[in-house]
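Geometric and topological summary
Here's the letter readout for the chains.
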Amino acid sequence: MKLIKGCVAVSVASVVCVSANAQLSDVEQTPNALNEGIKKTYQEQIGAGRGDINTFDSSLFIIKRDPFRSIRRGRQVFQRKFTLEQGMGPRTSDGHGDIGVDQSIVAGLADSCAACHGRPRGSAGFGGDVFTRPDSRDAPHLFGLGLQEMLADEITQDLRRIRDNAIQLAHDRQTAITRRLKSKGVYYGRITALPNGELDLSRVEGVNEDLRVRPFFAEGGTISIREFLVGAFNAEMGLESPDPDLLAASSGQDVVTPSGMVLSGSLDTIEGPPVSQPFDDSDGDGVTDEIPVSIVDHMEFYLLNYFRPGTYRQTELSRKGARVFNEIGCAECHIPDLQIERDRRVADVVTQYDRQNGVVAFNNLFATAVAKYVETDDGVGHPTLKEPALQPFMVEGIYTDFKRHDVGEGFWERNFDGTYQKEFITEPLWGVGSTAPYGHDGRSINLDAVIRRHGGEARKSKRNYKNLDDDRQHAVLEFLRSLVLFPPDDTASNLNPKDNTADNYPQNGHGSINLGALFNDPNDPE
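I will try to describe carefully the structure that is included in this document. (Residues numbered from 1 in each chain as written. Predicted model: local features only at pLDDT ≥ 70, side-chain atom pairs only at ≥ 80, totals over all residues. Heavy atoms only, no water.)

1. Re the pattern of salt bridges
- Per the counting criterion, the structure on display carries 39 salt bridges.
- Between Arg443 and Asp135 there is a salt bridge, and its shortest N-O distance comes to 3.8 Å. Taken together, the positions of Arg443 in the loop between β20 (424-425) and α10 (447-452) and Asp135 in the loop between β3 (129-130) and β4 (137-138) put the pair 308 residues apart, joining distant regions of the chain.
- Owing to a relative accessible area of 55%, Arg443 belongs among the exposed residues under this scheme.
- Counted as one network, the salt bridges with shared partners bring together Arg50, Arg226, Asp243, Asp245, Asp297 and Glu300. (Salt bridge = Lys/Arg side-chain N within 4 Å of Asp/Glu carboxyl O. Helix = DSSP H or I, 4+ residues; strand = E, 2+ residues; numbered from the N terminus. Buried < 20%, exposed > 50% of the residue type's maximum accessible area, 1.4 Å probe, protein only.)

Here it is in structure tokens:
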């Protein structure tokens, strides 16, 4: 492994132009004296379309040969404030229709991804609340999203291998075969295969009978980052994408996206794009090809590689809290660490409290970025190929089991059709110290309240917590508060350490302390 080439020791001048705001417009649309904003127009971000690895300025060329530029471009699309001219709006059916059938009708209308996912400042964080359920849904943060996608997909493959082996063995032996469904130390019940090829799925736990783990949305509803972002562009922003990958997968084909995610249309139900062709205009706003495939490619790659949350100062009390957290049974579902076997990212960033190297005025955090790609020269005269090394990676501090659980009536959610959603996928706790209020609906005001809200399958752990003395309860809360999100542009890093003498320190919050340097090519500012 090596530090990311071209990203170390960039000058203050080269990054001072990179804004840290949650939402941005480009400088052509909104010129200003400071030249703040996205430096590329939307058409320049679209580039040469998807192309291939030899088509200059295409998404495949950039992802494979200049991956950190793709991440940077994805980030700026995420922050971009879209306009009516670019196709923003209207809402689904312009806000009219049966919301018991289609919740996207009331999902809201934002002009930027960061309108719902923009806290802390400049991050792909949290902050939005939408009326897709009678009691609302809070928008979750997107830190570590790619790691969640990879873990869920690998668990799915493990469970399906166990199922398929049981089917084959039952056929060969002409007897019923029962197998435990277990992956990465997580137990998903049992499955019994019968000699005639039928399956008894009655003892499967925490996952659909198809054994596909769906890591996105509180109820565990979506498989992939690509489905999530294309759906959100449409439902929350009125921006339609004729994405060919989702179109092919939704029609039963198996597709590998540029970020390496296998969309198994032959096995899974994949959500199709809102339109099928670039010239389609189903929302009737007069704009077509609003989110071209190259934009989807860069956004998917950006979110695949997005930072995992950080860890704030560890004290004797917080370390004690971590031990008590385990002792009272919380870690039975909120499992701290899970291993990925084939990491598709091109870099990892570890962000921890560091009083000496962090920026006191902001967060005292320091991020260490390490490359995770292999570089090869394919001899065609273009920049070298830089592709993920696909090595195992231990995801530390995620605190989830990727299972759905019924954690009691306090979390049951009303649907518009009068039914209740009673099971929810275990929420990863990384970043939980920064994301109040809590629960999928944001109805628990603090960490103590949301713990006490648990019941059902979690009633024993909740009871154990309630029976702790005040000191041990406080220790658990101190531990959870140390699991934090962070504003990338206000966090010092090995890519661009803090400079207390910089002209903009600490008032402007970017420049020399900009972790965004990970994404920045000084010769081609976005």
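Next comes the rest of the write-up.
2. Brief notes about the sheet that holds strand β6 (residues 186-193)
- The strand order across the open sheet built from three strands is β5-β6-β7, with neighbouring strands paired in antiparallel fashion. With partners counted over all chains shown, the strands left at the sheet margins are β5 (177-183) and β7 (199-200), one partner each.
- Bridging between β6 and β7 involves two bridges; their strand directions are antiparallel. Each residue of the ladder has a partner; that of Ala193, found in β7, is Leu199.
- Sitting on the sheet, helix α5 (residues 145-173) is in contact with β5, β6 and β7, with an inclination near 170 degrees to β5. (Pairing = 2+ DSSP bridges. Contact = heavy atoms within 4.5 Å. Axes fitted to C-alpha atoms, helices over the stretch in contact; angles between N-to-C directions.)

3. Looking at helix α6 (residues 225-237)
- The terminal C-alpha atoms of α6, which comprises 13 residues, lie 17 Å apart, in line with the 18 Å expected from a rise of 1.5 Å per residue.
- Most of α6 sits inside the fold, with 10 of its 13 residues counted as buried.
- Taken together, the buried positions of α6 are occupied by Ile225, Arg226, Glu227, Phe228, Leu229, Val230, Phe233, Ala235, Glu236 and Met237.
- Buried residues along α6 sit in contact with α4 (67-79), β1 (117-119), α5, α7 (244-250) and α8 (293-304).
- Downstream of α6 by a residue or two, Gly238 has a phi angle that is positive, lying close to 70 degrees. (Expected span 1.5 Å × (residues − 1).)

4. Some points on helix α9 (residues 316-327)
- Between the first and last C-alpha of α9 there are 17 Å, a value that for 12 residues agrees with the 16 Å anticipated at 1.5 Å per step.
- When α9 is considered as a whole, its buried residues turn out to be Ser318, Gly321, Val324 and Phe325. Along the axis of α9, the buried residues cluster in a sector spanning 115 degrees; they form a single face. More than 90 degrees from the buried face of α9, the exposed residues found are Glu316 and Glu327.
- Buried residues in α9 make contact with α12 (470-481). (Arc of directions from axis to C-beta.)

The values are spatial; any link to function lies outside them.
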